Amino acid sequence: SPALFLGRTLHCDYGELARRAGAIGAALIREGMEPGDRAALFMTNRPQFLEVLFSAWYAGLAVVPVNAKLHPKEVRYILENSGARALFVSRDVGNALEPQLSGLESLSLIVDVESAGYGDMLDAPAAEPVHRAPDDLAWLFYTSGTTGQPKGVMQTHRNLLAMTLTYFADVDTVSRDDTALYAAPMSHGAGMYAFPHVLAGARHVVPESGGFEAREVFELANHHGNVSMFAAPTMVKRLVDFASEPGVDCSGIKTIVYGGGPMYAEDIRRAMDVMGPRFVQIYGQGESPMTITALSRAHLLDSSHPRHAERIASVGVAQSCVEVRVADEDGHPVPPGTTGEVLVRGDTVMKGYWRNEAATEKTIRDGWLFTGDVGRLDGDGFLTLMDRSKDLIISGGANIYPREVEEVLLRHPAVHEVSVVGGPHPEWGEEVVAFVVVRPGSTVDGGQLDALCLDAIARFKRPRVYRFVDALPKNNYGKVLKTELRALLQSG
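Not measured: the values here are computed from a predicted model.

## Structural notes on the sheet that holds strand β12 (residues 253-258)
Each strand in a sheet pairs with its neighbour through backbone hydrogen bonds, running either in the same direction (parallel) or in the opposite one (antiparallel). Spatial strand order, β2-β1-β10-β9-β11-β12-β13-β14-β15: nine strands in an open sheet with mixed pairing. Edge strands, defined here as strands with exactly one partner in the open sheet, are β2 (9-13) and β15 (317-318). Pairing of strand β9 (residues 179-181) with strand β10 (residues 203-206) involves three bridges; the strand directions are parallel. Looking across to β10, one finds that Thr179 is bridged to Arg203. Contacts between helix α1 (residues 14-30) and the sheet are confined to β1 (2-6), β2 and β10, with β2 contributing the most and set at about 65 degrees to the helix. Strand contacts of helix α10 (residues 233-243): β11 (227-231), β12 and β13 (279-285), with the helix running at about 130 degrees to β11, the strand carrying the most contacts.

And the structure:
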């Protein structure tokens, strides 16, 4: 069965993928790698990513997937902190990293996946997979590090297996006729969705661009058919904008799983209007990847339900392998409809933070992961996220959740994107500031947006300042960087 494609070109079938993974795994063992050692992957999206990923597990190693957009100094910290023994790089990012590799005592093997040395590894006899226990480390993922240095999230084989099986239960079915398309970074959630698609014997396609281009996504979808992909909300908006053009065929796309940031109700309504019933939402974080809640295709389509408007603004219900609660600061559950911190417990929750017991003890208490996200559960178990706790605005002693304000502002047809943050205020502590991106060819002013807010939310929640900007700062996963917006306000 065909396994890996680069664009439309077949890279290898499943038999060859298994042979390649076993061969590289055998080479790693010959190089002295022992079960539990770490192998880092620092590369842009390409078929070799999956080869190396499975080869590390053939050798009994733990994988350290590294964001290809990180600065070389940030990568060095991850390599040093994880104690990585092996490093696989792609040349487009590996060359810039080279000056940072000196003095890394643990690192004994560096492989460019486009080099002759990598080809030599592929020519070796294949190894049998090394047995590992369910609670052994499999995937060491470093968080974004918005406060201080990033922390290594320890995901075990049990965690990854639970996540994989939950995809079938709560997200989507997969068959060997399906195609996984990797337009988002494979070092994160998009790469994790390879696991259910490998289990089902589906095809895996890496765009030739190595990233996300809406036109390329539709061309590949219509070539391969039955395409499923993970996309951040900003990527979904660009797909929908492209699909709204005359003559665009959406039939090759089976499922778009969206998450990783807020998807506003107006945006998902438009997405379904333009592209049809092709969407599923998931909510997770590195500490419980892709697996806290899911908003199913059926829930999104159930427009006759009296609370449909509330449900499509939610992130759905607890996935099958976890329990979810909203709690006070002591971890005690609060009544339905009450705002609190989102907690999750189950087989997908991380083992802990790598070599950081203090952070682990703070984040996991009595088996519950304290996510740092603020939300509320309704009586039917639908979770609505308000914001990250750090994004909460406190103005004059009143709590204001930016997402609630953003949802209202996006109702205006001229507003393309918006991000609400708290700016410093000498009397109230903080004031609500809205950064607004206007649709091309449209106009809107602060007075119009103010009237919209006053018609929908309490007066104290409305923005006191509107900043009209050409674009919002985002990371390479499409998340708006509110830290940068707040820094702009702090600096005046």
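Moving on, there is more to tell.
## With respect to the pairing of strand β6 (residues 109-112)
Bridge count between strand β5 (residues 86-89) and β6: four bridges; the pairing is parallel. Bridged to Ala86 within β6 is Leu109. Since β5 and β6 lie parallel, the crossover through helix α4 (residues 91-97) that links them has a hand, and here it is right-handed.

## Comments concerning the nonpolar core
Leu28, Leu53, Phe88, Phe195, Met229, Met275 and Phe279 are the most contacted members of the largest nonpolar core, which has 93 residues in total. Setting aside its immediate chain neighbours within four residues, Leu53 contacts Leu41, Val63, Trp139 and Phe195. Val66, Ala84, Leu140 and Met154 belong to the second largest nonpolar core, which has 22 residues in total.

## Structural notes on the packing of aromatic side chains
Counted according to the given criterion, the structure contains eight aromatic pairs. Seen in terms of ring centroids, Phe54 and Trp57 are 5.7 Å apart; in terms of plane orientation they differ by 80 degrees. Their pairing is edge-to-face. With a gap of three residues between them, Phe54 and Trp57 both fall in helix α2 (residues 48-58), about one helical turn apart. Trp57 carries the same exposure label as Phe54, and that label is buried. Considering the side-chain rings of Tyr193 and Phe230, the 6.3 Å spacing of their centres and the 80 degrees angle between planes classify their relative orientation as edge-to-face. You can see Tyr193 sitting in the loop between α7 (189-192) and α8 (194-199) and its partner Phe230 sitting in strand β11, a full 37 residues away along the chain. Since its relative accessible area comes to 13%, Phe230 is described here as buried. Sitting over the ring of Tyr353, Lys151 keeps its end group 5.1 Å from the ring centre. Taking NZ or CZ as reference, Arg365 lies 3.6 Å from the ring centre of Phe370, over its face.

Reading the values: the criteria
- Residues numbered from 1 in each chain as written.
- Predicted model: local features only at pLDDT ≥ 70, side-chain atom pairs only at ≥ 80, totals over all residues.
- Heavy atoms only, no water.
- Pairing = 2+ DSSP bridges.
- Helix = DSSP H or I, 4+ residues; strand = E, 2+ residues; numbered from the N terminus.
- Contact = heavy atoms within 4.5 Å.
- Axes fitted to C-alpha atoms, helices over the stretch in contact; angles between N-to-C directions.
- Right-handed = clockwise from strand over helix to strand, strands pointing away.
- Core = buried A, V, L, I, M, F, W, Y, C linked by side-chain atoms within 4.5 Å.
- Buried < 20%, exposed > 50% of the residue type's maximum accessible area, 1.4 Å probe, protein only.
- Phe/Tyr/Trp six-rings, centres within 6.5 Å; stacked < 30°, edge-to-face > 60°.
- Lys NZ or Arg CZ within 6 Å of the ring centre and 35° of its normal.

The values are spatial; any link to function lies outside them.
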